[in-house]
Amino acid sequence: MSGFRDTFTKDDGKEGLLGYDDAAFLYFAGCVLLVAALPWTYQVAKTAIFGRNPSEKEFVTHKKTDRVCKSASMATGSSADVAKSRFTRGFLIQVGVLAFMWLCLLIIIANVGGHQEMRRFDPFALLEVAPDASAADIKKAYRKLSLVYHPDKNPDDPLAVSRFIEITRAYTSLTDETAKSNYEKYGNPDGPTTSKVGIGLPRFLLEKTNQLMILCIFFFFLLFVVPMAAIQYYQRTKDYASNGVLIETLHTFASYINDATRVKNCPELLAISGESRAMVMRPTDNEAMKPIGQQVVEHKKAEFAKWPIVMKNTYLVYAHMQRLHHLMTPELRQDLDQLLRCSMRLSQAMIEIGCMREWFFTAQAMIEFRRSLVQALDIKASNLLQVPHFTEEHIKHCKTGKNPVSSLDAFLKKEPEDRKGMASLEPEQVLDIEAFCEHVSHMELRATVEVEDEAEIVVGDIATVTVQMKRNNLKDGETVGPVHAPLFPEPKYEEWWVFLVEGSFSRIIAFERVRSTERFIEEKMRFQLSRPGKHRLELHILCDSYAGLDQKVVLEFNVCHEDDPAVKREIVVHKEDEDLDLQPTLFQQFMGDFGGEEESEEEEDDDDKDKDKEK
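In this report, the structure presented in the accompanying data block is examined.

## Regarding the overall build of the protein
Here's step 1: A tally of helices and strands in the protein yields 21 helices and twelve strands.
Here's step 2: Within the protein, buried positions represent 40% of all 615 residues.
Here's step 3: Residue pairs in contact within the protein that sit at least 24 positions apart in sequence constitute 71% of those at least 6 positions apart.
Here's step 4: Carbon and sulfur atoms make up 55% of the accessible area of the protein, which amounts to about 36300 Å² in all.

Dropping the structure here:
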């Protein structure tokens with residue numbers, strides 16, 4: 001209890017409590033509230049004025065060096081997201097909590113104003129007598145107060161004990177000559193002393209009537225609240241893998257994904273995930289889904305038609321990829337956005353399963369499905385639909401006539417005046433297309449294969465493939481910003497997957513996931529060479545955010561047999577290494593000490609024998 005009572009005490013630890021003051025607790029509580037309320041208030045005010053992107057916790061924040069797409073569709077989408085994210089229920093709860101915190105802070109400031117920094121020792125006030133009271137009046141007051149606050153009458157009240165000690169010291173300072181002299185000279189009956197400040201806790205913790213309640217609250221939190229919080233956290237996290245995907249979903253993907261899985265299988269794969277099946281099915285969804293069901297083109301016969309939520313989400317994914325958002329009700333659009341937000345983690349898991357099993361075409365199909373979700377592209381649609389304001393009619397103009405263009409990469413390489421299909425567009429729309437073309441990465445790829453520090457490549461060596469990638473559309477010091485994806489509900493930064501594939505078997509030898517947004521990127525991929533002869537490997541880089549930007553480089557090299565006479569590998573031994581070999585090891589040094597002692601004993605024995613023979 002001494003930690004609760006010891007706010008201002010005499011330096012002598014044997015003396016009891018001089019008194020308890022709430023000022024320390026008020027200062028402590030005020031500082032804690034202020035430290036928490038100030039940055040939180042700033043964040044809430046910033047959200048109220050400028051809005052907040054709903055996915056800012058899940059994505060990298062924008063850097064000053066990011067080059068963002070300045071097309072009108074991205075600006076409109078960003079403004080709409082900001083408007084939606086301002087006054088949500090969570091935001092209003094934050095405002096209510098903040099208002100309560102500031103109210104508590106104002107009450108604390110008002111109470112602190114009535115406290116003195118350090119309470120002086122005043123014996124007359126403690127004995128409740130006037131400064132000119134006689135010795136008889138002082139003695140009478142002391143007896144009266146001591147009967148009230150004596151420890152024998154208040155065995156379980158620490159405040160009464162503290163009060164009794166104060167009364168006794170006050171009486172001593174006014175009756176004892178030495179104590180009175182010290183009080184008059186130093187303001188303290190004990191002479192010159194120092195004070196110490198203890199932990200700032202509120203006064204009600206020491207009140208006798210509150211002790212049982214405080215003890216009950218303490219054990220309630222210790223034995224109920226803390227264990228329940230731990231159990232709840234465990235229940236929420238035990239079903240998830242480290243990548244944030246449900247373990248049940250990973251098992252489902254592992255069961256259904258094989259070397260023949262292609263993009264047409266992916267919409268239903270996404271719909272049978274645990275995250276998808278956990279979504280709510282409303283009574284009105286059947287009626288709302290009818291226009292979508294009449295317009296959607298299915299690329300594969302459904303295998304899970306008996307599950308309504310799976311069929312609903314499969315059709316929503318198809319409708320998104322075929323850009324039928326105008327047929328969706330606001331509730332269905334919210335369901336689609338929720339599914340798309342989960343889709344990045346789920347498609348990432350699909351890609352990793354293909355990579356772990358060394359199925360290149362399967363991993364490639366998963367990446368194609370991922371960018372189809374980002375760009376809202378159907379499976380067989382032209383990748384030129386990613387260009388702002390382009391429709392099927394504009395794409396027909398691009399593919400006909402002189403110098404036709406059928407891919408996004410070819411369209412980006414054209415000069416602005418040579419790009420086809422834009423004759424019927426407004427000037428503002430043409431500017432949007434130019435902004436889009438400047439924003440999309442123009443990736444330059446180079447790759448070399450070698451064995452580090454060797455001139456020849458021999459069986460058993462660890463070969464290193466150095467991949468160099470350069471975004472030619474960026475300037476030095478710039479980084480690429482979020483991709484142009486006006487139909488995707490949250491910002492998405494582009495990623496590149498690098499695959500080293502054995503051409504004849506389409507087997508993944510090595511792979512890397514590149515998330516860098518810098519202009520220059522360099523990755524090293526290492527693998528062991530197991531057979532001699534000519535090798536032909538294919539290096540693929542696949543973009544997970546745009547269709548039509550993938551590139552491939554063929555690497556051809558010859559691997560020599562280790563007994564080949566043309567292979568000349570001299571083993572150079574440096575003098576430092578030779579000197580190091582001459583040094584005894586730790587074991588030799590340890591055994592050498594014992595060996596030296598045995599040899600010295602043998603030498604002494606031999607000397608003694610020689611002396612005996614001479615005698």
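From this point, the discussion proceeds with the structure in view.
## Considerations on the pattern of salt bridges
Here's step 1: Per the stated rule, a full pass over the model turns up 27 salt bridges.
Here's step 2: Of the charged contacts in the structure, one is a salt bridge between Glu-490 and Arg-341, with a shortest N-O distance of 3.8 Å. In this pair, Glu-490 sits in the loop between strand 7 (479-480) and strand 8 (496-502) while Arg-341 sits in helix 15 (residues 330-356), placing the two residues 149 residues apart along the sequence.
Here's step 3: Among the ionic pairs, Lys-575 bridges to Asp-579, the shortest N-O distance being 3.1 Å.

## Comments concerning the packing of aromatic side chains
Here's step 1: Tallied over the entire structure, the rule returns twelve aromatic pairs.
Here's step 2: In textbook terms, an aromatic cluster arises when at least three aromatic residues are bridged by ring pairs, as seen for Phe-360, Phe-361, Trp-497, Phe-499 and Phe-511.
Here's step 3: Over the ring of Phe-411 we find Arg-419, and its NZ or CZ is 5.6 Å from the ring centre.

## Notes on unusual backbone geometry
Here's step 1: Here the phi dihedral of Arg-323 falls at roughly 60°; this positive angle occurs in a residue that is not glycine.
Here's step 2: Relative to the elements of secondary structure, Arg-323 occurs in the loop between helix 14 (308-321) and helix 15.
Here's step 3: The exposure class assigned to Arg-323 is partly exposed, which follows from its relative accessible area of 30%.
Here's step 4: Residues other than glycine seldom take positive phi values, yet Ala-376 does so here, at roughly 55°.

## Quick notes on the packing of helix 13 (residues 285-295) against helix 14
Here's step 1: For the pair helix 13 and helix 14, interaxial distance at closest approach is 11 Å and the crossing angle is 40°. Taken together, the axis directions place helix 13 and helix 14 in an arrangement best described as oblique. Judged by the twist between their axes, the crossing of helix 13 over helix 14 is left-handed. In contact with Asp-285, Met-289, Ile-292 and Gly-293 of helix 13, helix 14 contributes Lys-312, Tyr-315, Leu-316 and Ala-319.
Here's step 2: For the contact of helix 13 with helix 14, the per-class residue count stands at five nonpolar, one polar and two charged.

## Structural notes on the sheet that holds strand 6 (residues 462-471)
Picture the strands of a sheet paired through backbone hydrogen bonds; they go either parallel or antiparallel.
Here's step 1: Strand order in the open sheet formed by three strands is 5-6-10, with antiparallel pairing between adjacent strands. Here the strands that pair on one side only, and so sit at the sheet edges, are strand 5 (443-450) and strand 10 (520-528). Within the sheet, the average angular offset between the axes of one strand and its neighbour, ignoring direction, is 15°.
Here's step 2: Pairing of strand 5 with strand 6, which is carried by eight bridges, proceeds in the antiparallel orientation.

## Here's the deal with the nonpolar core
Here's step 1: Phe-390, Met-469, Phe-499 and Leu-500 are the most contacted members of the largest nonpolar core, which has 100 residues in total.
Here's step 2: Considering every element that reaches this core, the biggest residue donor is helix 15, with twelve residues.
Here's step 3: Excluding its chain neighbours within four sequence positions, the residues that come into contact with Phe-390 are Leu-384, Leu-385, Ile-395, Cys-398, Phe-411, Lys-420, Gly-421, Met-422, Leu-425 and Ile-433.

## Here we look at a nonpolar patch on the surface
Here's step 1: A cluster of nonpolar side chains, contributed by Met-213, Ile-217, Phe-220, Phe-221, Phe-224, Met-228 and Ile-231, occupies part of the molecular surface with about 650 Å² of accessible area.
Here's step 2: Summarising the element assignment, Phe-224 is placed in helix 9 (residues 211-237).

## Side note on the sheet that holds strand 8
Here's step 1: Taken in spatial order, the four strands make up an open sheet running 9-8-11-12, and their pairing is antiparallel. This sheet does not close on itself; its edge strands, each paired only once, are strand 9 (507-514) and strand 12 (551-559). Here the average twist between neighbouring strands, direction ignored, is 20°.
Here's step 2: Here strand 8 pairs with strand 9 via seven bridges, running antiparallel. Its bridge partner lying in strand 9, Glu-502 is registered against Arg-507.
Here's step 3: Relative to the sheet, helix 15 contacts strand 8 and strand 9, its axis offset from that of strand 9 by approximately 145°.
Here's step 4: The sheet strands contacting helix 16 (residues 360-375) are strand 8, strand 9 and strand 11 (533-543), and the helix crosses strand 11 at an angle near 15°.

## A look at the pairing of strand 6
Here's step 1: Within strand 6, seven of the ten residues are buried, leaving the element largely enclosed by the surrounding structure.
Here's step 2: Bridge count between strand 6 and strand 10: nine bridges; the pairing is antiparallel. Residue Met-469 lies in a different strand from strand 10, and its bridge partner there is Ile-521.

## Some remarks on a negative patch on the surface
Here's step 1: A grouping of Glu-576, Asp-577, Glu-578 and Asp-581 is seen on the molecular surface, where their side chains present a negatively charged patch.
Here's step 2: With respect to the secondary-structure elements, Glu-576 resides in helix 20 (residues 575-582).

## Here's the deal with helix 6 (residues 135-149)
Here's step 1: Along its 15 residues, helix 6 runs 21 Å from first to last C-alpha, staying within 8% of the 21 Å computed at 1.5 Å per residue.
Here's step 2: Among all positions of helix 6, only Ile-138, Ala-141, Tyr-142, Leu-145 and Ser-146 are buried. One face of helix 6 carries all of its buried residues, which in axial projection span an arc of 130°. In helix 6, those exposed residues whose orientation departs by more than 90 degrees from the buried face are Ala-136, Lys-140, Lys-144 and Leu-147.
Here's step 3: Looking at the buried side of helix 6, the elements it contacts are helix 5 (123-127) and helix 7 (158-175).

## Observations concerning the side chain of Arg-163
Here's step 1: Among the secondary structure elements, Arg-163 is positioned in helix 7.
Here's step 2: Since its relative accessible area comes to 18%, Arg-163 is described here as buried.
Here's step 3: Those residues within four positions of Arg-163 in sequence are excluded, and the remaining contacts are Leu-126, Glu-128 and Tyr-149.

Quick notes on the rules
Residues numbered from 1 in each chain as written. Predicted model: local features only at pLDDT ≥ 70, side-chain atom pairs only at ≥ 80, totals over all residues. Heavy atoms only, no water. Helix = DSSP H or I, 4+ residues; strand = E, 2+ residues; numbered from the N terminus. Buried < 20%, exposed > 50% of the residue type's maximum accessible area, 1.4 Å probe, protein only. Contact = heavy atoms within 4.5 Å. Areas by Shrake-Rupley, 256 points an atom, 1.4 Å probe, with all protein chains shown as cover. Salt bridge = Lys/Arg side-chain N within 4 Å of Asp/Glu carboxyl O. Phe/Tyr/Trp six-rings, centres within 6.5 Å; stacked < 30°, edge-to-face > 60°. Lys NZ or Arg CZ within 6 Å of the ring centre and 35° of its normal. Axes fitted to C-alpha atoms, helices over the stretch in contact; angles between N-to-C directions. Parallel < 35°, antiparallel > 145°, perpendicular 65-115°, else oblique. Left-handed = near helix turned anticlockwise from the far one by under 90°. Nonpolar A, V, L, I, M, F, W, Y, C, P; charged D, E, K, R; others polar. Pairing = 2+ DSSP bridges. Core = buried A, V, L, I, M, F, W, Y, C linked by side-chain atoms within 4.5 Å. Patch = residues over 30% accessible without salt bridge, like charges linked within 9 Å, V, L, I, M, F, W, Y side chains within 5 Å. Lys, Arg positive; Asp, Glu negative; His and termini not counted. Charge placed at Lys NZ, Arg CZ, Asp CG, Glu CD. Expected span 1.5 Å × (residues − 1). Arc of directions from axis to C-beta.

Everything listed is a geometric property; what it means functionally is a separate question.
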